[in-house]
Amino acid sequence: MESSSTPQYPIKNRKAKVTKDNTEGNNIMGVNKTILNTILFYIFFAQMVCAQHTAAEDVVTIGLLVNDDTSQAARNAAELAIHIANKDQGLNGKQFKVVTRSMEGPWGTGSKEAVNLVFKEKVWALLGSHDGRNAHLAEQVIAKTRVVFISAWASDPTLSQAYIPWFYNCVPNDIQQAEALVNEIVHVQKANTIAIVVQEDYDAKTALKYLEKQLMDKGGPKPLIQSFTQCLDHTGEFIGELRNKAVEALIILGNGEESWELMGVLRKNGVKLPFYGTIPLLGVRGLSRPERGGPSDLTVLYSGNWLKTNTLQSQHGAVGRDAISNAVAAYTFDAMNVLINAIKASGFDRDKIYGTMSKTDFEGVTGNVQFDKNGNRRSDLKLVKIAKEDTTSQKQ
């Protein structure tokens, strides 16, 4: 009689099948455990990244680019602006921070440092307190990255003529400065002969180009032009030229202490004609009241009130001490405040900073700060005269 039961397998085959089934089950469990562990790892990693990103965004970093490691005035002013901003109770837990990088070194160092600030430090904006050549390097970086950049010292008009929407300038440019000087010297003082002494650097030579053009456009005289080096090395010859040509006004196009040294040499050698200078003339270390001990009969371009009253030093303790000591510091302080205000007005939204920057209307130590459609500062330049009795008088 045949059995209808299921076929019987040899014992060894059944054992083999069980072993195979267990192995496959273990493999599946192993694979699932690996996948699970991988998923858990990525979830944990993503949480960590999100936490770090959130923490990082609670600190709003602004990059400061300076010419070299000796640019202490700009550093002090930027840190003072940050210090004041972080006292604001309306920051919703956020804090501002400044990271400073020097652009000193071989040509191209400026671009590298700007890139590092954008991609490594994740800055919300860049502030430049440096010369025009380095400003152009920074501008090339923001053209690609779309990070807002404000210049607090370079006055080269071609910076805005590149028509990069993320560029702004806190300093009146060379065209605006030339217009103010030429109007005063040619049309108000009626000078018929003018001499210009120019420093041998990019910024001074750029300023000279626009000053010469303005003189030509406004019907002014063709100026006698001399370099700082030639003037100092051959002082007697230069003074002889001034007298032979009956020069009535001397314009100094230079930055900082060298300009003051030059004026001192000329005064000691009997040159009594009036001196005129652009904003860079006030970029001297420790210069909070330049009329004290400075050359007499000097008229300089100026804006705001930092030159006459420096109340910030006493208001903010150690952080504020000597923070607004010269024009470099004054314009850096205002530029940093412009960025801080724009970031706050954006609701701390990186994508909206450009829009809030363009609407800037800020009363700073250098006067009212507003920008035109190309990012140039709307000029409110004055002329301040430093007289022999160490008093100043301002002209609108």
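In short, a report on the structure. (Residues numbered from 1 in each chain as written. Predicted model: local features only at pLDDT ≥ 70, side-chain atom pairs only at ≥ 80, totals over all residues. Heavy atoms only, no water.)

Focus: the sheet that holds strand E4 (residues 148-151)
Next, step 1: Spatially, five strands are ordered E2-E1-E3-E4-E5 in an open sheet, and the strand pairing comes out parallel. Each edge of the open sheet carries a strand with a single partner, namely strand E2 (95-102) and strand E5 (167-169). The mean angle between the axes of side-by-side strands here comes to 25 degrees, regardless of whether they run parallel or antiparallel.
Next, step 2: Direction of pairing for strand E3 (residues 125-129) relative to E4: parallel, over a ladder of four bridges. Paired with Leu126 across the two strands is Phe149, which belongs to E4.
Next, step 3: Sheet strands in contact with helix H13 (residues 327-345) are strand E1 (59-66), E2, E3 and E4, and its direction is about 170 degrees off that of E3. (Pairing = 2+ DSSP bridges. Helix = DSSP H or I, 4+ residues; strand = E, 2+ residues; numbered from the N terminus. Axes fitted to C-alpha atoms, helices over the stretch in contact; angles between N-to-C directions. Contact = heavy atoms within 4.5 Å.)

Some thoughts on helix H6 (residues 174-188)
Next, step 1: The terminal C-alpha atoms of H6 lie 20 Å apart, and with 15 residues this matches the ideal 21 Å at 1.5 Å per residue to within 8%.
Next, step 2: Within H6, burial applies to Asp174, Gln176, Gln177, Ala178, Leu181, Val182, Glu184, Ile185 and Val186.
Next, step 3: One side-chain oxygen of the residue at the start of H6 lies 3.0 Å from the amide nitrogen of Ile175, identifying that residue as Asn173.
Next, step 4: One or two steps after H6, the chain reaches Lys190, where phi turns positive at roughly 60 degrees. (Expected span 1.5 Å × (residues − 1). Buried < 20%, exposed > 50% of the residue type's maximum accessible area, 1.4 Å probe, protein only. Polar contact = N/O pair within 3.5 Å; in protein donor to acceptor, adjacent residues only side chain to side chain.)

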